[in-house]
Amino acid sequence: MTIQFYLRFHTKYGESLLVSGDAEELGNNDPAKALLLEYLNNEFWTGTINVKKKEFNKGASYKYILQREDGSQFVESCNDRQIDFFKKETENIRLVDTWNYAGEFENAFYTTPFRNGLLNTSIPKIRKQDDKIFSHIFKVKAPLLKKNEVVCLIGSDEKLAEWSSNKPVLLSKSDDWWTLKLNLSNAAFPIAYKYGIFNSKEKSFVGFEAGNNRIIYSDAGKKKVTIVHDGFIHFPNNTWKGAGVAIPVFSLRSNNSFGVGEFADIQLLVDWSVKSGLKLIQLLPVNDTITDNSWKDSYPYSAISAFALHPLYINLKRVAGKEFASQLLSLKKKQKQLNELEAVDYEEVLKLKLSILRELYLVMGDDCLASEDFTTFFEANKHWLETYAAFSYLRDKHGTAEFPKWKTNAVYKKSSIARLLSPKSVANIEIRFYYFIQYHLHLQLKEATDYAHKKGVVVKGDIPIGVSRNSCDAWESPELYNMEWQAGAPPDDFTAVGQNWGFPTYNWEKMQEDGFSWWHRRFEQMNNYFDAFRIDHILGFFRIWSIPVDAVQGIMGRFVPCIPIHINEFGEKGIWFDYQRYCRPYITDVILNEVFGEDAEKVKTDFLIENEFECYDLAPAFETQRQVEEHFSKEELTGENEKLKLGLYDLISNVILFEEEDSNGMKFHFRIGMDKTSSFENLMPPVRDKLNELYINYFYHRQDECWRKEAMSKLPQLKAATNMLVCGEDLGMVPACVPAVMDELGILSLEIQRMPKKADKEFFHPNDAPYLSVITPSTHDMSTVRAWWLEDTERTQRFYNNEMGQWGKAPQQCEAWISRAIVMQHLYSPAMWSIFQLQDLLGMSEKLRRENPLDERINNPANPNNYWQYRMHISLEGLIKENAFNEELKDYVTNSGR
C-alpha cells in the first residue's frame, strides 16, 4: 500500500520538511530517521512511503517537522494525526494536511482547562451523512461552537450542495475532529469548498467561514482514499475570554484554618469565585521550602523539592478524621489565637502542625501507609518521594538543609540512601513520617482541585525558575545544576542593584541528554492538580542572569549564554585596553568620600590597600562581596555597619567589564549599568562614547539570535510534554526575540499596566493586549493598585488624566470608583485572561477593602529577606456572604464578555 503525504506549507530559503511517526517507514518517532519531504510547488511539500498492509492494519500516528537552515528542528503542535487502515482493497492513501502552527489561537482551546469544562462540549444529535462507500474524508476542528451548532460543508460539487446553504452537508464529531466521509468518484476536480456553521435545533445555516475558498485537487478511485486535514475552521478565534483571581494559598483565611491558608480553603475560594463569575484561581508555588524552620523559609520560590508539597498547607482535622479527632481538642484555643492574627506566624504555625502530625503519625501511620491507596500513591511518586523523605530526615538530624555542612551523607550516594530507606534501618520510622505527610497533602490538594474542576473553575499553578541550592534535587543530581552560579535578575523597576535568588542555574546541556526527563516528571506532577501554569521568569529559558557564588548583589551578574566581547574588538574601536582600569574596582579618594563620607579613612585603613596607580584595591580578605558579607555577619548589626557593608558592595561592583572564566584574558562581558558607574564617568569622553557603542551592541543586538536558538532548543520540547495551558512571566529586560518565540509556541504573555514593554511608553493600556495573554493591574511582586497610587503623585496624575481619561486633579487616595474603573479596563481588554489579585478586587468596595493599602503587599523584590506572610483580612466565609459585592462583580465580569 502506498501512502502519500501532501503538506500545505510555505517555506523560507534553506528550510525543509520531514514527517515522523510510529511506523518504521517514518522513523519510529525518531526525528533523525524521519521521512524527508520534497518540494512540490509553492503550496505543497510531498513524500511517499510503501507499507505492507499486514503490518499496517492498526494504522499509525504522525506529525510534521520543520528543519531550519541551521539544522534546528521545530515539531508542529499536533498529536492527533492518524493514518487509518480502512479496507483490504485500499492500495493508496493520500494525506492532504495543513501545518498546525502552535501560535494559532485555537490550539489553546484543546488544552486541559478548556477540555475540563470551560468550553461547551455538548454535541447535538444529528444523523450522520457519511457515505458508506467513500473516497474522501474531510476533517476540521472547530473549538468555539455554541450550543446546538455543528460544522457543515458546502462546495462546488453536487455532493457538496453546489454552494447551496439550504442543504449543507453536516459533519459529525469524532474526538477533536469534525469529520465527513464522501464518495467523490464522479466529481470533477479540482473542487472548491468552504466550511460553515449550521444550527441543528433551528435547522438554519449560520454562516460561512472567512477567507478564500479551500481547494481539493486529488481525484478519486476505487482503491484510493484521500484524507483532508483542514486544520481549524476560519471563524473568529479570539472571542472566548475569562477572568480570574490570584492569591497565594498561605494568604487564604477561613474560620477553620490554622493561622495560615490551607489546601482545604481552596474549596471556599472556588465557591466565592463561582458566585463572582470568575473562572480561574491562580496560586503561587506550593512546594516544600523548609530549610531550617525559620520565617525565612516562607519564600515560596525556594523549594527544597520540585515535587513535594509544603506541610504548612495541611489541614490537621482532615488528616485526623473522626476516629482521631480527639487528638486535636486541646488545640482549639491555640488555633483561634493563630487564626486571629493579622499575618501568618510562619514559625509558630509550622512548628505546631509538624508536632501534631507526628502525634497523628504515631497512632494512625501504620494503617495509613499499609492502605492500597497509599501504595498506589507511593508507586506513582517513588522517583522523588524516597529521596525527599531521606533528605528531610537528614535535614532534621543535622538542623539544616545545607547538605554540604552535614557530617554524613553530604554527598548523595544511592547505596547509602538505599540502606537508610531499608525497613531495617533505625531511620525508617522517621523517613516514613514524610511519606505520611506527603500522602495526606496530595489527598487534600487533589480533593480541592477536583472540586474546582467540578465547579468549572480552572486552577493555575506556578513553576519557579529554579530550586534551592539546598534542595534534595541538587543533592541527588548536582550534575543537573551549575552550583558555582546563582540565578537572579538584572537591575529593574524593583531594585537598583538587581536580584539574587540564590538558586543554582540549570545545566541545560546535561538535562537535554535524557530529553529533559526531570522537567517531564515535574510537569506530570503538576498535572495531577493544575490545569494551567505560569512559568516564573520565562526569560530564563532564553538566557539566565547568572551571578558568581562569591557575589551577593544581582548587579554582579551577566547573562548566560552570552556572546562575549573579544579583546580585539576594543582595538578595532580604537580603545586602548587597560585591564586594571576596566576590570578592577575603580577606587579613588573622591569616590570614597562620596560613598562613605566621614568613614572614608576607616574604610581605607580596614578594607583597602593603596596601589601603584594612586588609587586603591580591596584588601585580599575583602575582594568579593561574599567575603564582605561574611565579615559583617560577625559584627554587631548597626546602621553604621550596614552602611559600610553596602558601601563596600558598591566599590566591588564599580567595574566596567567582567572577564569570562577560563578565557585567558581574551573575552569579556560588560557590567550592566556600566554607564552609571563612577568608573565609567571618570573616563575621557571619547573613550566613554566608544565603550558605550560596544555596550549597546552587546546587550541589545548581538545576542538576539543566540538567545532565540537557546529558547527554541528547550521550550518546544517542554511545552509538548504537557497539555496544561502555558503562561509565561515575561517581565524585566525582555530581549527582542522573546515575543516572537512566545507567539510561535502559543505561550501566553503577561501584560501589566504600569510595566509597559515598550521603552517609549509610561503605561501599557489594556486595550493593546494581545489575545494570547494574561493581563493584570498588579502581581505579588508589586504594590497593589491602592498602594501604588500613593507612591508617586506626579506619575499617578499622568495615569489619571492619560490612561483613565479623567479631567482635573487626581484624588489623593485610590477611591473605590478608581479601583473599579481600573478593573473594568482590564475586564474589557482583548486578552484571553484578566486576572486580579484579590486585594485589587476588594479595593472596589469601600466596605471590604483593607484599611491600610500598604498592608496589602505580598512581596518586595528589593528586600532579599522579605517575610511572605500576607493574609486576607476577612474570612472566605464572610466574603461569600457579601452578596451585593459578589453580584456586582459578577455583573461586571459577565457584561464584559468574560
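A word on the overall build of the chain. Along the backbone of the chain there are 28 helices and 37 strands. Relative to its length of 898 residues, the chain is compact, with a C-alpha radius of gyration of 31 Å against a globular reference of 29 Å. Across its three principal axes, the chain shows a C-alpha extent of roughly 100 × 80 × 75 Å. Within the chain, buried positions represent 57% of all 898 residues. When contacts within the chain are restricted to residue pairs at least 6 apart in sequence, those whose partners lie at least 24 apart make up 73%. The positive charge centre, built from 105 side chains, and the negative charge centre, built from 124, are 8 Å apart in the chain.

This brings us to the nonpolar core. Grouped together as the largest cluster of nonpolar side chains are 220 residues, with contacts concentrated most on Ile3, Phe5, Trp272, Trp518, Trp519 and Phe670. The element contributing the most residues to this core is helix α5 (residues 346-369), with twelve residues. Residues within four places of Trp519 in sequence aside, it is in contact with Ile463, Tyr506, Trp508, Met511, Phe541 and Leu718. One finds Phe138, Leu153, Trp178 and Leu182 within the second-largest nonpolar core, a separate group that totals 28 residues.

By the element assignment, Arg253 lies in the loop between β19 (242-246) and α2 (266-276). Put simply, Arg253 and Leu790 are 537 residues apart on the chain and 27 Å apart in space, counted from C-alpha to C-alpha. Not counting the four nearest positions on each side in its chain, Arg253 is found in contact with Asn339, Glu340, Leu341, Glu342, Arg871, Met872, His873, Ile874, Ser875, Leu876 and Glu877. Here Leu341 takes part through its backbone oxygen, which lies 2.8 Å from a polar atom of the side chain of Arg253.

Another aspect to go through is the state of the cysteines. On inspection of all chains with the given rule, the structure shows zero disulfides. The structure places no disulfide on Cys706, whose sulfur is separated from the nearest cysteine sulfur, that of Cys562, by 7.1 Å. Cys706 gets classed as partly exposed once you look at its relative accessible area, which sits at 23%.

The subject of this paragraph is the packing of aromatic side chains. Tallying each qualifying case throughout the model produces 76 aromatic pairs. The interplanar angle of 75° and the centroid separation of 6.4 Å between the aromatic rings of Trp788 and Trp789 together place this pair among those described as edge-to-face. Here Trp788 and Trp789 have matching classes, each one buried. Seen from the ring of Tyr110, Lys141 lies directly overhead, with NZ or CZ sitting 4.8 Å from the centre.

Attention now moves to helix α24 (residues 793-803). Of the positions making up α24, those classed as buried are Arg795, Thr796, Phe799, Tyr800 and Glu803. Taken down its axis, α24 places every buried residue within 140° of arc, on the same side. For α24, the exposed residues set more than 90 degrees away from the buried face come down to Thr793, Glu794 and Asn802. The secondary structure elements touched by the buried residues of α24 are α23 (785-788) and α25 (816-827). The backbone nitrogen of Glu794 has a side-chain oxygen 3.2 Å away, supplied by the residue at the start of α24, namely Asp792. Gly805 occupies a position one or two residues after α24 and carries a positive phi of about 70°.

With that out of the way, let us pick up the packing of helix α16 (residues 625-633) against helix α17 (residues 639-652). Between two packed helices, both the angle of their axes relative to each other and the distance between the axes serve to describe the pair. At a minimum axis separation of 9 Å, α16 and α17 run at an interaxial angle of 170°. As summarised for this structure, α16 and α17 are arranged roughly antiparallel, according to the angle between their axes. Facing Gln625, Val628, Glu629 and Phe632 of α16, the residues of α17 in contact are Asn641, Leu644, Lys645, Leu648, Tyr649 and Ile652. Of the residues belonging to the contact of α16 with α17, the class tally is six nonpolar, two polar and two charged.

So, about the pattern of salt bridges. Enumeration over the complete set of coordinates arrives at 46 salt bridges. For Asp462, the salt bridge identified is with Arg534, shortest N-O distance 2.7 Å. Within this pair, whereas Asp462 is found in strand β21 (residues 458-463), its partner Arg534 is found in strand β26 (residues 532-535), the two being separated by 72 residues in sequence. One salt bridge in this structure joins Glu846 and Arg849, with 3.9 Å as the shortest N-O distance. Accessibility expressed as a relative area gives 52% for Glu846, which makes it exposed. By relative accessible area, which is 12% here, Arg849 ends up buried.

This paragraph deals with the pairing of strand β34 (residues 725-728). Because side chains alternate across β34, one face comprises the buried residues Leu725 and Cys727, and the other comprises Val726 and Gly728, equally buried. Where β26 meets β34, four bridges bridge the pair, whose relative direction is parallel. Its bridge partner lying in β34, Ile535 is registered against Gly728.

An order of β34-β26-β21-β20-β19-β37-β36-β35 is seen for the eight strands of this open sheet, with the pairing classed as parallel. A strand with exactly one partner marks an edge of an open sheet, and here the two such strands are β34 and β35 (749-752). Across the sheet, the mean angle separating the axes of adjacent strands is 25° when strand polarity is ignored. Pairing geometry for strand β20 (residues 280-282) and β21, over three bridges, is parallel. Across the sheet, the residue bridging to Leu280 is Val458, located in β21.

Spatial ordering of the open sheet is given by β4-β5-β1-β9-β18-β10-β14-β13, a layout of eight strands whose pairing is mixed. Edge positions in the sheet fall to β4 (38-39) and β13 (172-174), since each has one partner strand and no second. Bridge count between β4 and strand β5 (residues 44-50): two bridges; the pairing is antiparallel. Of the residues in β5, the one forming a bridge with Tyr39 is Trp45.

Examined against the element boundaries, Gln438 turns out to sit in helix α8 (residues 428-454). Looking at Gln438, the relative accessible area reads 1%, which means it is buried. A distance of 3.4 Å separates a polar atom in the side chain of Gln438 from a polar atom in the side chain of Tyr388.

Here we take up the pairing of strand β15 (residues 191-199). With nine of nine residues buried, β15 lies mostly within the body of the structure. As judged from the seven bridges shared by strand β11 (residues 149-155) and β15, these two strands associate in the antiparallel manner. Paired with Val150 across the strands is Phe198, a residue of β15. Of the strand pairs in this sheet, β15 and strand β17 (residues 214-216) are connected by three bridges, and their pairing is antiparallel. The partner of Tyr193 across the bridge, within β17, is Arg214. Here four bridges tie β15 to strand β16 (residues 204-208), and the two strands are oriented antiparallel to one another. When the sheet's bridge partners are listed, Phe198 is paired in β16 with Phe205.

The next thing to look at is the side chain of His442. Here His442 is to be found in helix α8. Since its relative accessible area comes to 17%, His442 is described here as buried. Side chain to side chain, His442 and Tyr529 meet in a polar contact 2.9 Å long. Not counting residues up to four positions away in its chain, the partners in contact with His442 are Leu309, Phe377 and Tyr529.

With respect to the helices and strands, the residue Ile431 is situated in helix α8. The class for Ile431 is buried, based on a relative accessible area of 0%. C-alpha of Ile431 to C-alpha of Leu420: the two residues are eleven residues apart in sequence and 8.5 Å apart in space. The residues touching Ile431, leaving out its near neighbours within four places in the chain, are Ala389, Ala390, Tyr393, Leu420 and Leu421.

Let us look at helix α7 (residues 414-421). Residues of α7 that are buried: Ser416, Ile417, Leu420 and Leu421. All buried residues of α7 lie within an arc of 135° about the axis, which places them on one face of the element. Turned more than 90 degrees away from the buried face of α7, the exposed residues are Lys414 and Arg419.

Looking now at unusual backbone geometry. Omega for the bond connecting Phe189 with Pro190 falls within 30 degrees of zero, at 0°, which places this linkage in the cis form. For the peptide bond that leads from Val560 to Pro561, omega is 0°, which places it in the cis range. Tracing the sequence through the fold places Pro561 in the loop between β28 (558-560) and β29 (565-566). In the Ramachandran plot, Asn148 falls in the positive-phi region, its phi being about 75° despite a non-glycine side chain. A relative accessible area of 23% places Asn148 in the partly exposed class. Its identity as a non-glycine residue notwithstanding, Asn664 has a phi of 55°, on the positive side. One can find Asn664 in the loop between β32 (657-659) and β33 (667-670). Overall, the relative accessible area of 72% leaves Asn664 in the exposed class.

Thresholds applied
Residues numbered from 1 in each chain as written. Predicted model: local features only at pLDDT ≥ 70, side-chain atom pairs only at ≥ 80, totals over all residues. Heavy atoms only, no water. Helix = DSSP H or I, 4+ residues; strand = E, 2+ residues; numbered from the N terminus. Rg over C-alpha atoms; globule rule 2.2 N^0.38 Å. Buried < 20%, exposed > 50% of the residue type's maximum accessible area, 1.4 Å probe, protein only. Contact = heavy atoms within 4.5 Å. Lys, Arg positive; Asp, Glu negative; His and termini not counted. Charge placed at Lys NZ, Arg CZ, Asp CG, Glu CD. Core = buried A, V, L, I, M, F, W, Y, C linked by side-chain atoms within 4.5 Å. Polar contact = N/O pair within 3.5 Å; in protein donor to acceptor, adjacent residues only side chain to side chain. Disulfide = S-S within 2.5 Å. Phe/Tyr/Trp six-rings, centres within 6.5 Å; stacked < 30°, edge-to-face > 60°. Lys NZ or Arg CZ within 6 Å of the ring centre and 35° of its normal. Arc of directions from axis to C-beta. Axes fitted to C-alpha atoms, helices over the stretch in contact; angles between N-to-C directions. Parallel < 35°, antiparallel > 145°, perpendicular 65-115°, else oblique. Nonpolar A, V, L, I, M, F, W, Y, C, P; charged D, E, K, R; others polar. Salt bridge = Lys/Arg side-chain N within 4 Å of Asp/Glu carboxyl O. Pairing = 2+ DSSP bridges.

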